[in-house]
Structures are given as structure tokens and as C-alpha cells.
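Okay, here's what each chain looks like letter by letter:
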Amino acid sequence: MTNRRTNQIDRSTILDLGDYERKRSEIRPRAIAARSVRRVELGPNATVAFENRETVAYQIQEMLRTERLAKEEEVLHEIATYSDLLPTDNELSATMMFEFTSPDTRALHLAELVGFEDHLRLDFDGAGAAAAYFDRRQLDPERISAVQFVRFVLDDAQRNALASGARVTLVADHPKYQHAVTLSPETARALASDLQEG
């Protein structure tokens, strides 16, 4: 694994509650569009949402709004917590969510997916594969969490492949969940742009 960025979402970019409420109608459509282009459906029950500075800042703003957090220490805590989702300059980071409609079978499905952390990768045409690294704090020997934070460390060839428009495929090959999806050109371009943010 690579070192985490020492920087985080800048406090000056996070609006106070009143300012955010006034500007939310302008900010929200842009943030939703940024999230949408980075969202990848992997089979019927999993979604991988790649993160960047805009999506993370939006999550912070929405959390502050929902929880009505206004004290400076509360704001700083949310910034520190969510900034952990930021990728470094040689990786992609994402939030992965498993969704099963039936509460009666959800626990069974999540138990069947134990070991999934060894079965997710990005395949780059002509540049090999980047394995997913999962947050070890979310792993349990009995079942996996329905929400996972994952990172894909890219080498130079993979960065170049992404930047040049090579086909990129997200692959899950767990015995109980085997699905693959090719990233759309729009998603690939967005992720290549995120890497340029450094």
C-alpha cells in the first residue's frame, strides 16, 4: 500500500451551514453529476463509487447539514474522517456498497462473501491488473460489511493506459459473486482527470 496523503479537504472549502443552505441548489447538481459519472454497477448487488475531492467535500457538506453540525471541532472531525477517502496521486479510491433487497437474506449473502477482499481488481488492456486493497478495519471473519472502502494502486503503465483511453474493466471473481463491467469512456476520463489532480 502507498502512504496516505498528508493533506485533506481544506477547511476553507467547507461552507458553514447557513452558507451551504443558500448555495446548495447550485452545488448539489454538480456534485451529483460528479458522483454519477464515477458510479459503476458491478452485477445486480454491488456498486463501486469512485471518490475525488468534489465527491468527498460534498459528503462532508451533506453530513454537516443532516446532523446539524456547526461547532468547529465537529466540522474538523468530519473533514478528518471523510478525507481518509481521498486517493493518493497514484491510486483510485472508492466506496463499494453491497445491496440485497431482502432483510431476511442479507446477512446470509454477506456471510457468503467473506474473502471478497481478495477477489476484486481493475484490468487495464495491455497494462495488467490493479488489485483492490480493502480497509482491514471493515473485514470480519464471519461476514463482510455492506459498505467497504477500497483502493486500487496503479503503476505508470496503468496510469498511462487510463489516460490514453484504453479499456478498463472492473472484475469481481469471488466464487459467490462473479461479475465484470467495462468502465464507460466517460467514467474512465473522469478517473484519469482525478489522477491529474495529484
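Our subject is the structure that appears above.
Residue positions within a chain follow its written sequence, with the count starting from 1. Only residues with pLDDT of at least 70 get local features here, since the model is predicted, and only at 80 or more are side-chain atom pairs given and counted; chain-wide, interface and lining totals rely on the full set of residues. Neither water nor hydrogens contribute to the side-chain values; these are computed over all heavy atoms in the structure.

Time to look at the overall build of the protein chain. The secondary structure listing takes helices from DSSP runs of H or I that are at least 4 residues long and strands from runs of E that are at least 2 residues long, numbered from the N terminus. Helix and strand counts for the protein chain come out as 6 helices and 8 strands. The order of α-helices and β-strands along the protein chain, N terminus first, is α-β-β-α-α-β-α-β-β-β-α-β-β-α. C-alpha atoms define the radius of gyration in this analysis, and the globule rule sets the expected value at 2.2 Å times the number of residues to the power 0.38. In summary, the protein chain has a C-alpha radius of gyration of 17 Å against a globular reference of 16 Å for 198 residues, a match within 12%. Once the C-alpha set of the protein chain is aligned to its principal axes, its extents read approximately 50 × 45 × 30 Å. Only protein chains enter the area calculation, which uses a 1.4 Å probe; residues under 20% of their type maximum are buried, those over 50% are exposed, and those in between are partly exposed. Going through the 198 residues of the protein chain one by one, you find that 42% of them count as buried. Counting only contacts in the protein chain whose residues sit at least 6 apart along the sequence, the fraction spanning at least 24 positions is 71%. The Shrake-Rupley method, run with a 1.4 Å probe, gives the accessible areas here. Residue values count only the displayed protein chains as cover. Carbon together with sulfur atoms contributes 48% to the accessible area of the protein chain, which is approximately 10500 Å² in total. We call two residues contacting when some pair of their heavy atoms lies within 4.5 Å.

What follows covers the sheet that holds strand 6 (residues 147-153). Hydrogen bonds between backbone atoms are what pair the strands of a sheet, whose relative direction is either parallel or antiparallel. By the convention used here, strands pair only if DSSP detects at least 2 bridges between them. Ordered in space as 1-2-3-6-5-4-7-8, the 8 strands form an open sheet in which the pairing is antiparallel. In this open sheet, the two edge strands, each paired with only one partner strand, are strand 1 (39-42) and strand 8 (177-182). Sheet twist, expressed as the mean angle between neighbouring strand axes with direction ignored, is 25°. Fitting a line to C-alpha atoms yields each axis, with helices limited to the stretch in contact; the angle taken between N-to-C directions then spans 0 to 180 degrees.

Of note, Arg 68 is a non-glycine position whose phi angle comes to about 55°, a positive value. In this fold, Arg 68 is placed in the loop between helix 2 (53-67) and helix 3 (72-83).

The bend reported for a residue corresponds to the angle between axes fitted to the seven residues ending at that residue and the seven starting there. The largest bend in helix 1 (residues 17-37) amounts to roughly 70° and is located at Arg 24. The set of residues buried in helix 1 consists of Leu 17, Tyr 20, Arg 24, Ala 31 and Ala 34. Against the buried residues of helix 1 lie helix 2.

Bringing the pattern of salt bridges into the picture now. Basic side-chain nitrogens of Lys or Arg form a salt bridge, by our definition, when they fall within 4 Å of a carboxyl oxygen of Asp or Glu. Summed over all chains, the structure comprises 13 salt bridges. With a closest N to O distance of 3.3 Å, Arg 11 and Asp 16 form a salt bridge. When its relative accessible area of 45% is taken as the criterion, Asp 16 is described as partly exposed. Here Asp 19 makes a salt bridge to Arg 22, at a shortest N to O gap of 2.5 Å. Of this pair, Asp 19 and Arg 22 both sit in helix 1, separated by 3 residues, roughly a single helical turn. Three or more residues joined by partner-sharing salt bridges are found here, namely Arg 11, Asp 16 and Glu 72.

For the pair helix 5 (residues 156-163) and helix 6 (residues 185-197), interaxial distance at closest approach is 8 Å and the crossing angle is 130°. On the basis of the axis angle, helix 5 is oblique to helix 6. Crossing geometry of helix 5 relative to helix 6 is assigned as left-handed. Along its contact with helix 5, which presents Arg 159, Leu 162 and Ala 163, the element helix 6 presents Ala 188, Leu 191, Ala 192 and Leu 195. Here the angle decides the label: under 35 degrees means roughly parallel, over 145 means roughly antiparallel, 65 to 115 means roughly perpendicular, and every other value means oblique. Should the near helix be turned counterclockwise from the far one by less than a right angle, the crossing is left-handed, whereas a clockwise turn marks it as right-handed.

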